[in-house]
Amino acid sequence: MTRMRPIPAAEIRERYLRFFEARGHQRLPSDSLVPSNDPTLLFTGAGMNQFKDMFLGRGSLPYRRVATAQKCLRVPDLENVGATPRHHTFFEMLGNFSFGDYFKAECIRWEWEFFTDELGFPADQLVVTVYQDDDEAFAIWRDDIGLDPSRIFRFGEKENFWPAEAPSKGPNGPCGPCSEIYFDKNPEEALPQDEGLEALPDDRFVEVGNCVFTQFDRQSDGSLEPLPQRNIDVGLGLERIAAVLAGVPNNFGTDLFTPYLEHLQQVTGKTYGDDERDDVRMRRIADHVRAVVFCIADGAVPGNEGRGYVVRKILRRAVRDGLDLGMEGAFLHGLVDVIAKVMGDVYPEVREHAGQCRALIKSEEESFAGVYRQGRKRLDAFLAAHAANDQAHDRGADPRRLDGSGDFAFQLHDTYGFPVDITRQVLLDRGFTLDEDGFEAAMAAQQERARAASATSEAVFAESIGMRLRDLSVPRTEFVGYERLSVDTEIGAVLVGGRPGASLTAGGEALVVVPQTPCYAQGGGQVGDRGVVEWSGGTAEIRDTTSQDGFWLHDVVVAAGELRAGVPCRVRVDEDSRRATERNHTATHLLHAALKNQLGGHVSQAGSEVSPDRLRFDYTHGERLTDEQIHALEDEVNAVILAAIPVEPAIRSLGEARAAGFVAMFGEKYGDEVRTLSVGDYSRELCGGTHVRNSGNIGSFRIVSDSAVSAGTRRIEAVTGVGALLSARREHVELSAVAQLLKVPLDEVGEKVRGMLDETRRLRKELQAATAADLGKILDDLEAAATRAAGDVRVAVLRTGSLEMKELQELMTRARQKLEPFAGVVLAESSDGVLVGAVVSKPLTDRLRAGDLVKELTGLLGGGGGGRPEMAQGKGRDAGQLDAAVARARELLAVLG
């Protein structure tokens, strides 16, 4: 077996791109993990995703050969990450593509040359697979490459067709056979026999590349018609190639991951290689935090829905692994700088947004403790509701399976990140075992849903609005709104329900496309423009403007006349709305700079929204702003406004802009050329939005609120210009009204209100003292009502007058301390129901639980409640059942006698 020379991953990536550049391919940057033009996908999962239109022959790229290194995210097999050699969430796919240009012969030859000549893979350690009916690919490998037929395996549509099983199961549309390239780790062993083999065993063969030959169009009857444009879609796994060249048993042994593992060893005190379980945890943390950093850098932040839910789920799994490694407190955010060092040269967005990544990851880590407690609370509630109903269970017998626990354990695991092993242990402590079959079934169903979501579906090649417009030869829109607020043009298309419509009359709603527009399309945090479309005999109100695939979509409702394509028209922006938006947008840039100056360099943008009415700016900071800090921010921004500094936009190359210190906007994707915006030397950002020409045009700036979005992330809302004036005026009017009610001057309102609050607090305390229950006397009554049960145990049921819930809880606590060992129930009648409290000394909870007592008694009283085995409380609504509840309480306590 030939030993290969290890090659750093960064060099492999660069060699690949140069190799295909030398063969006529245009090197293009990776698309964002948040797909730029495909709403059917949560995340970019393959190199071909950004070229969907090109594969369909409808794209606008001027290239027929392209090569990329694409950031990808897939999450169908989370349980395998870290536990197997090659599973990842985030990975890099090296891809070369042909859009109706070269086909199988060139593709196969170039991939072979790249592996053998460029990287030095031994030819006798490479095997390939082809689709069972693809004689053309088989012949190229055998005759052109010279590969022995014993090293060419034919497999069916499940292994060697894209999409998998498309010939028999669909979806309809573009598809084709594929040929995969494998590295043989044990070439001294005999090759497996082709006959009866459905796939190559992955413990010996490592898939390093896949060549997809998109040559068919599947029809509804299952037939495969030849495509007029045959395409090539190649994907090579960078992590796998690096591992093979390095001669390491799994991808985590490459230079893509070893810096992360070294960092984790330093912070955890663990030695990688000493304990396989800890090794898995460290590998999983390395993978998951890398994935989360790339997601956040591309604008997908942890949340409760969609992409955010996936990101949060991945991160919480890493946090949980940290807890299992014995870590206390947040530590994962420390990996961000290591990831930025390893990946930042190729993906500068990771380095630029390191501040946001650190803050968001740290806040998620810190909030997980609360989530963990919430999971325990939910589990305790589940047990109180279900275990108490298991009447046949003998607590002295062997543990038995608790019905429904499997589904519930999966819910805790999947939704709240609560470890299933802790669920198992809690159940065992209560005398039950987990429904493992139910848990595994729920887990398998979730994994299948994830696979289905990440697999190619019929939506992959579904027509977008842009495709339909290009099919109609509608020209893309030219935005002229930086210089002009109106333009004479013509109606290019009228879309009703996303499809071209004939015409609309008054009241009709549609999306209108025009060749030129002054309307800004929503993006970069700025809302879309409003305005009007006017034509001879008619008008339509523009309610919003968005864009897709280079087409500006004006959301209109017809006010008068007939709206149809081909009609000359004038498009006008609502000037008042635009100017207000411009003031707020430029003020957002000034606020960003002021926050860094006032609070420190750790502050980073975490999102924004700019509209005519106000601006919203999310930023990373761990503490609520003081009044003094808010005033300092307002003063600094208003000083820049009063200085009347010119606001200067310019077009620069992305590299030039970064070198000049322009700040990239969070979550935005940039091309080779970018628009920069300078407010003197005070603020320098990349921005494609609309802005004032001079900072003085903003007029004034006022912060109206500072609130928490999540742990470590805060939100400022502010107003400018006339909005700031109106905000101050409203507050003055309200304050004047309060002053009149209090009959004091404006400047004495605060002192007067403070005095009134002090007086109210004093009176409230006096009232509480006068009406408070005498808990000492009630405790004496409870002790007097107690009777002896078995041994020294005392039991009591007491019916008393009205109590507050806090008083009832205090009474239960005192009773447990004074009467130990003790089990008792107190029922306190009031005008709106009956409060029920129960206490059971801990040594007695194997026979009777306070939570079970309260649940049954409040149920009898038409209410509910619960709590811990030692103490619980609840409330019933039907006081008419009070006598029955007292009698039932005595019956339940009798089990201790």
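Heads up: the structure comes first, above all this text.
Residues numbered from 1 in each chain as written. Predicted model: local features only at pLDDT ≥ 70, side-chain atom pairs only at ≥ 80, totals over all residues. Heavy atoms only, no water.

Description of the sheet that holds strand β34 (residues 833–840)
Strand pairing in a sheet takes place through backbone hydrogen bonds and is either antiparallel or parallel in direction. With mixed pairing, six strands are arranged side by side in an open sheet as β31-β32-β33-β34-β36-β35. What marks the edges here is a single partner per strand, and that holds for β31 (787–788) and β35 (864–867). With seven bridges connecting them, strand β32 (residues 794–800) and strand β33 (residues 822–830) associate as parallel partners. Bridge pairing links Thr800 to Ala828 in β33. Helix α25 (residues 850–860) contacts β33, β34, β35 and β36 (871–876) of the sheet and is inclined by roughly 160° relative to β34. (Pairing = 2+ DSSP bridges. Helix = DSSP H or I, 4+ residues; strand = E, 2+ residues; numbered from the N terminus. Contact = heavy atoms within 4.5 Å. Axes fitted to C-alpha atoms, helices over the stretch in contact; angles between N-to-C directions.)

A look at the pattern of salt bridges
Considering all chains together, one arrives at 60 salt bridges under this definition. A salt bridge links Glu14 to Arg27; its shortest N-O distance comes to 2.8 Å. With Glu14 in helix α1 (residues 9–21) and Arg27 in strand β1 (residues 26–27), the pair connects residues that are 13 residues apart, well separated along the chain. The closest approach of N and O atoms between Glu575 and Arg579, which form a salt bridge, is 3.7 Å. Highlighted residues: Glu575 and Arg579, both in helix α18 (residues 575–599), separated by four residues, approximately one helical turn. Assessed through its relative accessible area of 43%, Glu575 is described here as partly exposed. By sharing partners, the salt bridges in this structure join Asp529, Glu575, Arg578, Arg579 and Glu582 into a single network. (Salt bridge = Lys/Arg side-chain N within 4 Å of Asp/Glu carboxyl O. Buried < 20%, exposed > 50% of the residue type's maximum accessible area, 1.4 Å probe, protein only.)

Section: the packing of α1 against helix α7 (residues 238–246)
Look at α1 against α7: their axes get within 10 Å of each other, and the N-to-C directions meet at 120°. The handedness of the crossing between α1 and α7 comes out as right-handed. Every residue of α7 that contacts α1 at Ala9, Ile12 and Arg13 is listed here: Leu238, Ile241, Ala242 and Leu245. (Left-handed = near helix turned anticlockwise from the far one by under 90°.)

Things to note about the pairing of strand β30 (residues 713–720)
Burial of β30 is extensive: six of the eight residues sit out of reach of the surface. In the sheet, strand β25 (residues 615–620) pairs with β30 via six bridges, with the strands oriented antiparallel. Residue pairing in the sheet places Tyr619 in a bridge with Arg714 of β30. Here strand β29 (residues 701–710) pairs with β30 via eight bridges, running antiparallel. Note on β30: the bridge partner recorded for Ser707 is Arg715.

A few points about a nonpolar patch on the surface
A surface patch of nonpolar side chains, amounting to about 210 Å² of accessible area, comprises Leu735, Val738 and Leu746. Inspection of the secondary structure puts Val738 in helix α21 (residues 721–742). On the accessibility criterion, Val738 (33% relative accessible area) is partly exposed. (Patch = residues over 30% accessible without salt bridge, like charges linked within 9 Å, V, L, I, M, F, W, Y side chains within 5 Å. Areas by Shrake-Rupley, 256 points an atom, 1.4 Å probe, with all protein chains shown as cover.)

Points about the packing of aromatic side chains
The tally for this structure, following the rule as stated, stands at 26 aromatic pairs. Between the aromatic rings of Phe479 and Trp552, the centroid separation amounts to 6.1 Å while the plane-to-plane angle is 10°, which identifies the pairing as stacked. Here Phe479, found in strand β12 (residues 478–479), pairs with Trp552, found in strand β21 (residues 551–560); they are 73 residues apart in sequence, far enough to count as distant. In terms of burial, Phe479 and Trp552 fall into one category: buried. Here a set of aromatic residues connected by ring pairs shows up, and it is made of Tyr16, Phe19, Phe20, Tyr102, Trp110, Phe114, Phe115, Phe121 and Phe183. Over the ring of Phe19 we find Arg23; its NZ or CZ atom is 3.5 Å from the centre of that ring. The ring of Phe662 carries Arg684 above its face, with NZ or CZ at 4.4 Å from the centroid. (Phe/Tyr/Trp six-rings, centres within 6.5 Å; stacked < 30°, edge-to-face > 60°. Lys NZ or Arg CZ within 6 Å of the ring centre and 35° of its normal.)

Overview of the environment of Leu808
By the element assignment, Leu808 lies in helix α24 (residues 805–819). Among the residues examined, Leu808 registers a relative accessible area of 0% and is labelled buried. Along the backbone, Leu808 and Ala838 are 30 residues apart, and their C-alpha atoms lie at a distance of 9.5 Å.

Topic: unusual backbone geometry
With the exception of glycine, most residues fall at negative phi, and the peptide bonds are largely trans. The peptide bond linking Trp162 to Pro163 adopts the cis configuration, its omega dihedral lying at -10°. Secondary-structure assignment places Pro163 in the loop between β6 (161–162) and α6 (166–169). Along the chain, Glu820 connects to Pro821 via a cis peptide bond; the corresponding omega equals -10°. Position of Pro821 relative to the elements: it lies in the loop between α24 and β33. Located in the positive-phi region is Glu165, a residue other than glycine, with phi close to 65°. Here Glu165 is to be found in the loop between β6 and α6. With phi around 50°, Ala644 is a residue other than glycine that occupies positive phi space.

Looking at α7
Burial analysis of α7 places seven of its nine residues in the buried class, the great majority of the element. Within α7, burial applies to Leu238, Glu239, Ile241, Ala242, Ala243, Val244 and Leu245. Looking at the residues trailing α7, positive phi occurs at Gly247, about 70°.

Examining the state of the cysteines
Summed over the entire model, instances satisfying the criterion amount to zero disulfides. Lacking any disulfide linkage, Cys295 is separated from the closest cysteine sulfur, that of Cys357, by 9.6 Å. On the accessibility criterion, Cys357 (0% relative accessible area) is buried. (Disulfide = S-S within 2.5 Å.)

Focus: the nonpolar core
With 91 residues, the main nonpolar core has Phe121 and Trp141 as its most contacted residues. Here the element with the most residues in this core is helix α9 (residues 276–297); it accounts for 10 residues. Look past the residues within four positions of Phe121 in its chain and what remains in contact with it is Met4, Phe115, Thr116, Leu126, Phe183, Ile241, Val244 and Leu245. Within the second largest apolar cluster, 26 residues are counted, among which are Val825, Leu848, Ala850 and Leu853. (Core = buried A, V, L, I, M, F, W, Y, C linked by side-chain atoms within 4.5 Å.)

Digging into helix α8 (residues 258–268)
Three or more residues of α8 are buried, namely Tyr260, Leu261, His263, Leu264 and Thr268. In an axial view of α8, the angular spread of the buried residues amounts to 160°, which keeps them on one side of the axis. In this structure, the buried residues of α8 make contact with α9 and α11 (335–343). Two residues or fewer past α8, Gly269 is found with a positive phi of approximately 75°. (Arc of directions from axis to C-beta.)

A word on the pairing of β21
Along β21, seven of the 10 residues are buried, which leaves the element largely enclosed by surrounding structure. Pairing analysis gives four bridges linking strand β17 (residues 509–513) to β21, with the strands arranged antiparallel. Bridge assignment links Glu509 to a residue of β21, and that residue is Val557. Pairing geometry for strand β20 (residues 538–548) and β21, over nine bridges, is antiparallel. Residue pairing in the sheet places Asp544 in a bridge with Asp555 of β21. Turn length for the β20-β21 hairpin, with the two strands adjacent in sequence and antiparallel, is two residues, and the turn residue Asp549 shows positive phi of about 55°.

Keep in mind that these numbers describe shape and distance, not what the molecule does.
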